[in-house]
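# Architecture and fold: a report
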Amino acid sequence: LTIGGIGLLAWSHQVLGKNWTAVLALSPKHQIVTDGPYRRIRHPMYTAFTVITLGFLALSANWLLSLLYFGTLAVMVAARLPAEEKMMLSRFGDEYLVYMNKSGRLLPKI
């Protein structure tokens, strides 16, 4: 799980290229990325962090610490995801709305 999550994280970073920022901000050159893992999932980095965390949880001898980490990750994703999508909708409008309808938030749309 952990190795797969790290692979997904690396792939997501590679596909995003210069569109990645550590803070919630868009540069004038930002564009919607729909290649690679973004073809089916809008936020594959958050998915990767979750998979990595599940791998650590499975390997950890300290379940309390693992659950604390997972809880912190869940709070971060719950706080950041809506703000990120609001920012993208504000900037890209209908183009992002179409992308939202075609892709899943954290898992591929079935």
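Because the structure is predicted, anything quoted here is derived from the model rather than measured.

## Re helix 4 (residues 94-102)
Of the positions making up helix 4, those classed as buried are Y96, Y99 and M100. Along helix 4, the residues classed as buried sweep out an arc of 105° about the axis, all on the same side. In helix 4, the exposed residues that point more than 90 degrees away from the buried face are D94, E95, N101 and K102. Here the buried face of helix 4 lies against helix 3 (63-92).

## Considerations on helix 2 (residues 44-59)
The end-to-end C-alpha distance of helix 2, which contains 16 residues, comes to 22 Å, matching closely the 22 Å that a straight helix rising 1.5 Å per residue would cover. Turning to helix 2, its buried residues are P44, M45, Y46, T47, A48, I52, T53, G55 and L57. If you follow the buried residues of helix 2, they end up packed against helix 1 (2-16) and helix 3.

## Here's the deal with the side chain of S103
Structurally, S103 is set in the segment after helix 4. For S103, the side chain forms a polar contact with the main-chain oxygen of Y99, separated by 2.8 Å. In contact with S103, other than residues within four places in its own chain, are R39, R40, I41, R42 and K109.

## Brief notes about the nonpolar core
In this structure, I32, Y38 and Y96 are the most contacted members of the largest nonpolar core, which totals 14 residues. Discounting chain neighbours no more than four positions away, the residues touching Y96 are I32, R42, H43, E85, M88 and L89.

## Comments concerning a nonpolar patch on the surface
A surface patch of nonpolar side chains, about 270 Å² in accessible area, is lined by L1, L54 and F70. Assignment of secondary structure puts L54 in helix 2. Using a relative accessible area of 37% as the deciding quantity, one classes L54 as partly exposed.

## Section: the packing of helix 1 against helix 2
Close contact between helix 1 and helix 2 brings their axes to 7 Å; oriented N to C, the two are set at 160°. Considering their axes alone, helix 1 and helix 2 lie roughly antiparallel with respect to each other. Crossing hand, helix 1 versus helix 2: left-handed. Residue-level inspection shows T2, G5, I6, L8, L9, S12, H13 and L16 of helix 1 in contact with helix 2, the latter providing P44, M45, T47, A48, F49, V51, I52, G55, F56 and L59. Per-class residue counts for the contact of helix 1 with helix 2 are twelve nonpolar, six polar and no charged.

## Concerning the pattern of salt bridges
Taken as a whole and judged by the stated rule, the model has three salt bridges. Across the pair R42 and E85 runs a salt bridge, and its minimum N-O distance is 2.7 Å. Separated by 43 residues along the polypeptide, R42 in the loop between helix 1 and helix 2 and E85 in helix 3 bring together distant segments of the chain. A relative accessible area of 9% places R42 in the buried class. Taken together, the shared-partner salt bridges connect R42, E85 and R105 into one network.

The rules we used
Residues numbered from 1 in each chain as written. Predicted model: local features only at pLDDT ≥ 70, side-chain atom pairs only at ≥ 80, totals over all residues. Heavy atoms only, no water. Buried < 20%, exposed > 50% of the residue type's maximum accessible area, 1.4 Å probe, protein only. Helix = DSSP H or I, 4+ residues; strand = E, 2+ residues; numbered from the N terminus. Arc of directions from axis to C-beta. Contact = heavy atoms within 4.5 Å. Expected span 1.5 Å × (residues − 1). Polar contact = N/O pair within 3.5 Å; in protein donor to acceptor, adjacent residues only side chain to side chain. Core = buried A, V, L, I, M, F, W, Y, C linked by side-chain atoms within 4.5 Å. Patch = residues over 30% accessible without salt bridge, like charges linked within 9 Å, V, L, I, M, F, W, Y side chains within 5 Å. Areas by Shrake-Rupley, 256 points an atom, 1.4 Å probe, with all protein chains shown as cover. Salt bridge = Lys/Arg side-chain N within 4 Å of Asp/Glu carboxyl O. Axes fitted to C-alpha atoms, helices over the stretch in contact; angles between N-to-C directions. Parallel < 35°, antiparallel > 145°, perpendicular 65-115°, else oblique. Left-handed = near helix turned anticlockwise from the far one by under 90°. Nonpolar A, V, L, I, M, F, W, Y, C, P; charged D, E, K, R; others polar.

Without other data, these values stay purely geometric and don't point to any function.
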